[in-house]
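Take a look at the letters that make up each chain.
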Amino acid sequence: MAKILPPPAAMFALITGRWVSDLLYVAAKLELADRLKDAPRTVGELAASAEVQAPALYRVLRALASVGVFAEIKGPRFKLTPLAATLQTGAPGSMRAAALMLEEKYQVDAWAQMLHGLKTGEIPFRTAHGVSYFAYLDNHPEDLKIFGEAMTSVSTTENPAIATAYKFSGIRTLVDVGGGHGSLLATILKANPKLKGVLFDQPSVIARAQQDRHLTEKDIAERCKLEAGDFFEAVPQGGDAYLLKRTLHDWNDEQCAKILANCRAAMNERGRVLVADAVIAPGNGADRGKLLDMQMLILGGRERTKREFAAIFREAGLKLTRVVPTKCPLSIVEGVRA
Ligand code: SAH
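Residues numbered from 1 in each chain as written. Predicted model: local features only at pLDDT ≥ 70, side-chain atom pairs only at ≥ 80, totals over all residues. Heavy atoms only, no water.

A. Inspection of the pattern of salt bridges at higher detail. Here the structure, examined in full by the defined rule, presents 15 salt bridges. For glutamate 149, the salt bridge goes to lysine 145, with nearest N and O atoms at 3.4 Å. Of this pair, glutamate 149 and lysine 145 both sit in helix H12 (residues 141-156), four residues apart, which is roughly one turn of the helix. Connected via shared salt-bridge partners are Glu31, Arg35 and Arg96. (Salt bridge = Lys/Arg side-chain N within 4 Å of Asp/Glu carboxyl O. Helix = DSSP H or I, 4+ residues; strand = E, 2+ residues; numbered from the N terminus.)

B. Region of the structure containing the packing of aromatic side chains. Per the stated rule, a full pass over the model turns up 15 aromatic pairs. For the ring pair phenylalanine 125 and tyrosine 133, a centre distance of 5.2 Å and an interplane angle of 75 degrees mean the geometry is edge-to-face. Taken as a pair, phenylalanine 125 and tyrosine 133 share a single burial class, namely buried. Grouped by ring-pair contacts, the aromatic residues Tyr106, Phe125, Tyr133, Phe134, Tyr136, Phe147, Phe231, Phe232 and Trp251 constitute a single cluster. (Phe/Tyr/Trp six-rings, centres within 6.5 Å; stacked < 30°, edge-to-face > 60°. Buried < 20%, exposed > 50% of the residue type's maximum accessible area, 1.4 Å probe, protein only.)

C. Broad picture of the site of the ligand. What surrounds the ligand is a group of 19 residues, the closest being Ser155, Gly178, Asp201, Asp230 and Lys245. Here glycine 178 contributes a backbone N or O atom positioned 2.8 Å from a nitrogen atom of the ligand. Note that an oxygen atom of the ligand is positioned 2.7 Å from one of the side-chain N or O atoms of lysine 245. Burial of the ligand by the surrounding chains reaches 94%, relative to a free accessible area of 570 Å². No other element matches the three residues that H12 contributes to the shell around the ligand. By residue class, the composition of the shell around the ligand is seven nonpolar, seven polar and five charged. (Near = heavy atom within 4 Å. Polar contact = N/O pair within 3.5 Å; in protein donor to acceptor, adjacent residues only side chain to side chain. Areas by Shrake-Rupley, 256 points an atom, 1.4 Å probe, with all protein chains shown as cover. Nonpolar A, V, L, I, M, F, W, Y, C, P; charged D, E, K, R; others polar.)

D. Structural view of the environment of threonine 86. Considering the arrangement of structural elements, one finds threonine 86 in the loop between helix H6 (82-85) and helix H7 (96-103). With 170 residues separating them in the primary sequence, threonine 86 and cysteine 256 have C-alpha atoms 33 Å apart. Residues within four places of threonine 86 in sequence aside, it is in contact with Gly93, Ser94, Met95 and Arg96. Within polar-contact distance, the side chain of threonine 86 engages the backbone oxygen of leucine 83 at 2.7 Å. (Contact = heavy atoms within 4.5 Å.)

Written out as structure tokens, the structure reads:
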């Protein structure tokens, strides 16, 4: 059982949380978990293969082991723990890309503008970089690649929950708007053999989706199209449902209303939108969405309550019909033409 610390000690632990994040970034960058995949190794071996200083690396690993990431055994050698294993590249549920994406210098620079943003109302990411987040990624291919991998790995832990929470079988064509590399659409198509799918995202992301191959498996490929475009201009016509997962939270209310209105304009007569995002509940309860909302504050977006979703739906000429909970932290907010 976790020890209950006196408030000053508990506060100090919270304050120094960033140190742990920084160490996780270093571990991810140096591929330490990958290097321990087959067997425990000495610090000397690890340091040589990662091309870093052994004495400092030992201290980094010892600090990480103190929070359950890696463990020191006789030798002295280090081995993987279940937490450390999630930093392996490509492992199921891998968090390596997330560790890189959220702690890369360009993010840290944006977070450094949080206080300035609170005072002025400026979007911290824009203050730091002069452009919006997605424009920045479009100009930084390596960061875009890591972003796509991080979204896919986080999504892999959520996709089955979303695919089973909603009855997709009544839908003929599902358009995944801002669908990233297509892992969610692939999961839903696999579970619903008659469903057709359209993956819609920015050109640079669709190009990557073609390489990432979630949607190129036989059976699925023939039922799925990939389309590139800008959802502020238009989305693919003729869908029965427009899915937006972890996409509206990137934008302010006005921008969301525009994206939703474009879905409304494109959808079939009895079409619907399905927004898969965190729906923040009232009260002080623990909720990852409330912290993720801080990343969205940095980028100029927000996580929303049910009432806030109802308001952006209304702006777009839609009416919120229901909120379907899932077994993951996201819910599906359904809307139809008002
Ligand atoms: N739905 C995916 C990805 C969410 S990230 C998932 O849950 O994993 C948000 C997505 O919106 C990104 O893939 C991004 O490329 C896409 N996006 C951002 N701006 C866009 C635009 N103007 N037009 C189309 N897609 C856009």
